[in-house]
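Given next are the chains, with one letter for each unit.
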Amino acid sequence: MQSFQRLSHRALRLVERLVLVVITIATVAAIVEEIGIMLASGSVHLADLLLLFLYMEVLAMVGAYVDSGQLPVRMPIYIAIVALARYLVLDMKDLDNLRILAAAGGALVLALAVLVIRYGHVRFPYEKEPVE
């Protein structure tokens, strides 16, 4: 039974690493594509920079996961906040007031969630797990 657990753990780690490699390659390809679009158009807009920032955050999240083996909960929230900001920047002219308020309210709720999580980590820190 122990050998099955060890084998399944290794298989899961392998799949995990393969998916991380795929995410990294896809993100780098998207960055290169976006830079190519900016070069072809001869201009850079705020939406382009926010999109590159989103890609950078995805790479940072992969790096943090590789370093620690854990996904920091705040990183996807930061990505979501930037994605909402990009959505507002890109589609501001086409959005009605309710959608603008909803997107801004969503960003505010996510920012408050980050504050709550940070407060929780400071006030109630995790206990160190023993190293195996």
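All of these numbers come straight from a predicted model, not from anything done at the bench. (Residues numbered from 1 in each chain as written. Predicted model: local features only at pLDDT ≥ 70, side-chain atom pairs only at ≥ 80, totals over all residues. Heavy atoms only, no water.)

1. Topic: the pattern of salt bridges
It is possible for side chains bearing opposite charge to pair when their charged atoms get close.
Part 1 of the argument: Considering all chains together, one arrives at 1 salt bridge under this definition.
Part 2 of the argument: We note a salt bridge from Glu16 to Arg13, for which the minimum N-O separation is 2.7 Å. In this pair, Glu16 and Arg13 are both assigned in helix H1 (residues 2-41), 3 residues apart and thus about one turn of the helix distant.
Part 3 of the argument: On the basis of relative accessible area, Glu16 is assigned to the partly exposed category, the value being 23%.
Part 4 of the argument: Judged by relative accessible area, Arg13 falls into the partly exposed class, the value being 30%. (Salt bridge = Lys/Arg side-chain N within 4 Å of Asp/Glu carboxyl O. Helix = DSSP H or I, 4+ residues; strand = E, 2+ residues; numbered from the N terminus. Buried < 20%, exposed > 50% of the residue type's maximum accessible area, 1.4 Å probe, protein only.)

2. What to know about the confidence of the model for the protein
Part 1 of the argument: Of all residues in the protein, 96% have pLDDT values of 70 or greater, and the mean over the chain is 90.
Part 2 of the argument: Element-level mean pLDDT values for the protein span from 88 in helix H3 (residues 74-91) up to 94 in H1. (pLDDT = per-residue confidence, 0-100.)

3. Section: the nonpolar core
Part 1 of the argument: Counting residues in hydrophobic clusters, the biggest one holds 10 residues: Ala30, Ile31, Leu50, Leu51, Leu54, Tyr55, Met61, Met75, Ile79 and Val82.
Part 2 of the argument: Of all the elements in the fold, those that place two or more residues in this core are H1, helix H2 (46-68) and H3. (Core = buried A, V, L, I, M, F, W, Y, C linked by side-chain atoms within 4.5 Å.)

4. So, the side chain of Glu34
Part 1 of the argument: With respect to the secondary-structure elements, Glu34 resides in helix H1.
Part 2 of the argument: The side chain of Glu34 is buried and forms no salt bridge, while Arg86, the nearest opposite charge, is found at 5.7 Å.
Part 3 of the argument: In this view, Glu34 contacts Asp48, Leu51, Leu52 and Tyr55; residues no more than four positions away in its chain are not counted. (Lys, Arg positive; Asp, Glu negative; His and termini not counted. Contact = heavy atoms within 4.5 Å.)

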